[in-house]
Amino acid sequence: FALVLSILVCCMVGFLAAGFLEPVVRFMQRLQKIGALNQELLNILLKIVGICFTAEIAGLICEDSGNGALGKALQFLASAVILYLSLPLLSKLLDIVEGMLDNL
């Protein structure tokens, strides 16, 4: 019963936290307009944030249920997925740095 209650409370907190993320999404849209960024790059950022939050909550639930090793494994997997998803962002950043160095 405690595990189900913990999951329910985490879901409720997640929905409450989503309301606080609306200004972040607006900021990212503004950043996209100012920086002429591709919408795909901003979608990747949102996916990364979602994976981070989900992995953190899942890891905490696993630790609360007495399976800390599974929680750590989930967080490690999430880190690997985040690194994989961030490759286009890092590539774009590298292109910008290379362009700045070429102008010197």
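Procedures and definitions
- Residues numbered from 1 in each chain as written.
- Predicted model: local features only at pLDDT ≥ 70, side-chain atom pairs only at ≥ 80, totals over all residues.
- Heavy atoms only, no water.
- Helix = DSSP H or I, 4+ residues; strand = E, 2+ residues; numbered from the N terminus.
- Contact = heavy atoms within 4.5 Å.
- Lys, Arg positive; Asp, Glu negative; His and termini not counted.
- Charge placed at Lys NZ, Arg CZ, Asp CG, Glu CD.
- Axes fitted to C-alpha atoms, helices over the stretch in contact; angles between N-to-C directions.
- Parallel < 35°, antiparallel > 145°, perpendicular 65-115°, else oblique.
- Left-handed = near helix turned anticlockwise from the far one by under 90°.
- Nonpolar A, V, L, I, M, F, W, Y, C, P; charged D, E, K, R; others polar.
- Expected span 1.5 Å × (residues − 1).
- Buried < 20%, exposed > 50% of the residue type's maximum accessible area, 1.4 Å probe, protein only.
- Arc of directions from axis to C-beta.
- Salt bridge = Lys/Arg side-chain N within 4 Å of Asp/Glu carboxyl O.
- Patch = residues over 30% accessible without salt bridge, like charges linked within 9 Å, V, L, I, M, F, W, Y side chains within 5 Å.
- Areas by Shrake-Rupley, 256 points an atom, 1.4 Å probe, with all protein chains shown as cover.
- pLDDT = per-residue confidence, 0-100.

## Overview of the overall build of the chain
Here is step 1: What the chain contains, in helices and strands, is four helices and zero strands.
Here is step 2: Long-range contacts, defined here as pairs at least 24 residues apart, represent 56% of the contacts in the chain between residues at least 6 apart.
Here is step 3: Distance between charge centroids for the chain: 10 Å, based on 6 positive and 8 negative side chains.

## Thoughts on the packing of helix α2 (residues 39–64) against helix α4 (residues 87–102)
Here is step 1: Between α2 and α4, the shortest axis-to-axis distance is 9 Å and the interhelical angle comes to 135 degrees. Comparing the axis directions of α2 and α4 gives the class oblique. Remark: the crossing between α2 and α4 carries left-handed chirality. Facing α2, whose interface residues are Leu41, Ile44, Leu45 and Ile48, α4 presents Pro88, Leu89 and Lys92.
Here is step 2: The residue inventory of the contact of α2 with α4, partitioned by class, reads six nonpolar, no polar and one charged.

## So, helix α3 (residues 68–85)
Here is step 1: With 18 residues, α3 extends 26 Å from end C-alpha to end C-alpha; this agrees with the ideal 26 Å at 1.5 Å per step.
Here is step 2: For α3, the full list of buried residues reads Gly71, Ala78 and Ile82. Considered in projection along α3, the buried side chains sweep an arc of 35 degrees and stay on one side of the axis. Exposed residues pointing more than 90 degrees away from the buried face of α3 are listed as Ala69, Lys72, Phe76, Leu83 and Tyr84.

## A few points about α2
Here is step 1: With 26 residues, α2 should cover 38 Å at 1.5 Å per step; its first-to-last C-alpha distance of 38 Å lies within 8% of that length.
Here is step 2: What α2 keeps buried is the set Leu41, Leu42, Ile44, Ile48, Ala55, Gly59, Ile61 and Cys62.
Here is step 3: On its buried face, α2 sits against α1 (2–35), α3 and α4.

## Description of the pattern of salt bridges
Here is step 1: For the coordinates displayed, the defined rule picks out one salt bridge.
Here is step 2: For Glu63, the salt bridge goes to Lys72, with nearest N and O atoms at 3.9 Å.
Here is step 3: The exposure class assigned to Glu63 is partly exposed, which follows from its relative accessible area of 34%.
Here is step 4: The exposure class of Lys72 is exposed, given its relative accessible area of 51%.

## Quick word on a nonpolar patch on the surface
Here is step 1: Where nonpolar side chains cluster on the molecular surface, the patch consists of Tyr84, Leu87, Leu90, Leu93, Val97, Leu101 and Leu104 and spans about 790 Å² of accessible area.
Here is step 2: Topologically, Leu90 is positioned in helix α4.
Here is step 3: Judged by its relative accessible area of 46%, Leu90 falls in the partly exposed class.

## Quick word on the confidence of the model for the chain
Here is step 1: In this model, the chain carries an average pLDDT of 84, and 100% of its residues clear a pLDDT of 70 or more.
Here is step 2: No element of the chain has a lower mean pLDDT than α1, which averages 80, and none a higher one than α3, which averages 91.

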